[in-house]
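The residues making up each chain are set out below.
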Amino acid sequence: MPAPIESLLPDLHEDTQLVHAGTLRSQFGETSEALFLTQGHIYENAEQCEARFLGEESGFIYARFSNPTVAMFEKRMAAFEGAEAARATATGMAAVTAALTGLLRAGDHVVAARALFGSCRYVIEEHLPRFGVDSTLVNGTELAAWQAAIRPNTKVFFLESPANPTLEVIDIEAVAKLAKSIGAKLVVDNVFATPLWQKPLALGADCVVYSATKHIDGQGRCLGGVILASNEFIQTHIHTFLRQTGPAMSPFNAWVLLKALETLPLRIRRQTGTASILADWLADQGQVRKLIYPGRADHPQAEIVRRQMGGPSTLIALELEGGKAAAFRFLNALKIFRISNNLGDAKSLAVHPATTTHQRFTPEARADMGIGDGLVRLSVGLEHPGDLRADLTRALAAV
């Protein structure tokens, strides 16, 4: 039973959509979204079962294909992103891998920005070549580099913006236009921006992927991922791949994520505001050799940030004088920020990318991505800004 508010949703603000979009109520008329912990479904007769499998009748078949609770999460995310369709996955990397694998075939070529999360680089550089897909990594901030990397068999462009962990920002609209000019698809990992601050589909991207584990849950509870695109894109490239290979999101995780979406705007706005305060303060500290934050005028791509983002980020990158030893002293002196490779959490987190998320790369490859031994990534949480600044003050004193 769809909620009566559904007809109003396209004209409502995001905050309202994130409370109501996609709600399916059972015959019991529950207030909160129902959690359907079931693998399968019963059919009234064999004819109905056949019609469901043929796609002639809408409805649920099997939890690997779809589930009522998961479907609510997908519809709510689609409304938030401004997408026609969405498919949820078990993890963020399942979303990235499915989006790329669903698009590519042996003999194809993908161009990707070199500044990527370590696991994304693995998929591009090591996983896809096993199946006959070549790749070229480029400086994503230089449109000419994308152009120069194009081959006759280039089918996909892939990027993160802002990138993990350097917060490099790429001109999504320009890259999207280039992709379209050669008939390629652009897939954007939008995790660091969140759907609140950046809408890649509106900028021309064909597909957006998220690790819902990060800001969407935002409270360190569960894993999840989501792929968003047009109906045609999802049906042509994603639906059958997910249905047959099975990286399905669990109904329980979908329920947790649904409840998290209700508070996402409140959390992200607060975290972004605090991150902006801390970034401005950190930039003036002598121990910080370099401060990178998309909300500052000294960000290398500040003009692009102003043009394509509605707000900066909850993430800060800082390079400390003294390399790895200084970074470790800084991290070990923190009391409120906790050392963790996760991000987007209500709790403030800090990590040393060179020895964690990007440790498998050579020092030369890390340097090429802008990841020095003194680089620390901060994920700003919901704590009071004054307490977080005091914590950073103590940590900088230890450097």
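Structure report, in brief. (Residues numbered from 1 in each chain as written. Predicted model: local features only at pLDDT ≥ 70, side-chain atom pairs only at ≥ 80, totals over all residues. Heavy atoms only, no water.)

**Considerations on the nonpolar core**
The cut-off we apply is this: By nonpolar core is meant a set of buried Ala, Val, Leu, Ile, Met, Phe, Trp, Tyr and Cys residues that side-chain atoms within 4.5 Å join together. Relative accessibility decides the category of a residue: with a 1.4 Å probe and only protein chains considered, values under 20% of the type maximum give buried, values over 50% give exposed, and everything between is partly exposed. Only runs of H or I of at least four residues qualify as helices and only runs of E of at least two qualify as strands under DSSP, and these elements are numbered from the N terminus. Contact between two residues is taken to exist if any of their heavy atoms lie within 4.5 Å; hydrogens are not considered.
Phe73, Met77, Tyr210, Ile216 and Leu261 are the most contacted members of the largest nonpolar core, which has 41 residues in total. For this core, the element with the most residues is helix α3 (residues 68-81), which contributes 6 residues. The contact partners of leucine 261, leaving out residues within four places of it in the chain, are Leu18, Phe73, Arg76, Met77, Phe80 and Ile216. Within the second largest apolar cluster, 27 residues are counted, among which are Leu104, Cys120, Val123 and Phe233.

**Focus: the pairing of strand β6 (residues 207-211)**
Along any regular strand, the residues point their side chains to alternate faces of the sheet. Operational definition: Two strands form a pair only when DSSP identifies at least two bridges running between them.
Most of β6 is tucked away: 5 of the 5 residues are buried. The side-chain alternation of β6 yields two buried faces, one formed by Cys207, Val209 and Ser211 and the other by Val208 and Tyr210. Pairing of strand β5 (residues 185-189) with β6 involves 3 bridges; the strand directions are parallel. What sits directly across from valine 187, in β6, is cysteine 207.

**Some thoughts on the sheet that holds strand β11 (residues 349-351)**
Heads up, the condition is: With axes taken as lines fitted to C-alpha atoms, and helix axes fitted only over the stretch in contact, angles between N-to-C directions fall between 0 and 180 degrees.
Strand order in the open sheet formed by 5 strands is β8-β9-β12-β11-β10, and the pairing between neighbours is mixed. The open sheet has two edge strands with one neighbour each: β8 (288-292) and β10 (338-339). Examined bridge by bridge, β10 and β11 share 2 bridges and lie parallel to one another. Looking across to β11, one finds that isoleucine 339 is bridged to alanine 350. Of the strands in this sheet, β8, β9 (315-320) and β12 (375-379) are in contact with helix α11 (residues 264-282), which crosses β9 at around 15 degrees. Here helix α13 (residues 323-333) sits on the sheet in contact with β9, β10, β11 and β12, set at roughly 130 degrees to β9.

**Considerations on unusual backbone geometry**
The residue after serine 161, namely proline 162, is reached through a cis peptide bond having omega -5 degrees. Considering the arrangement of structural elements, one finds proline 162 in the loop between β4 (154-160) and α7 (172-181). The linkage connecting asparagine 164 with the following residue, proline 165, adopts the cis geometry, with an omega of 5 degrees. Position of proline 165 among the secondary structure elements: in the loop between β4 and α7. You will see that leucine 167, though not glycine, has its phi angle at about 60 degrees, which is positive. Relative to the elements of secondary structure, leucine 167 occurs in the loop between β4 and α7. Positive phi, close to 70 degrees, is recorded for threonine 194, a residue that is not glycine. When you line up the elements, threonine 194 lands in helix α8 (residues 194-197). For threonine 194, a relative accessible area of 2% gives the class buried.

**Considering the sheet that holds strand β3 (residues 134-138)**
The strand order across the open sheet built from 7 strands is β1-β7-β6-β5-β4-β2-β3, with neighbouring strands paired in mixed fashion. Of all strands in the sheet, those bounded by a partner on one side alone are β1 (85-89) and β3. Between one strand axis and the next, the sheet turns through 20 degrees on average, direction left out of account. Sheet strands in contact with helix α5 (residues 118-127) are β2 (109-113), β3, β4 and β5, and its direction is about 135 degrees off that of β3.

Purely spatial values, then, with no claim about function.
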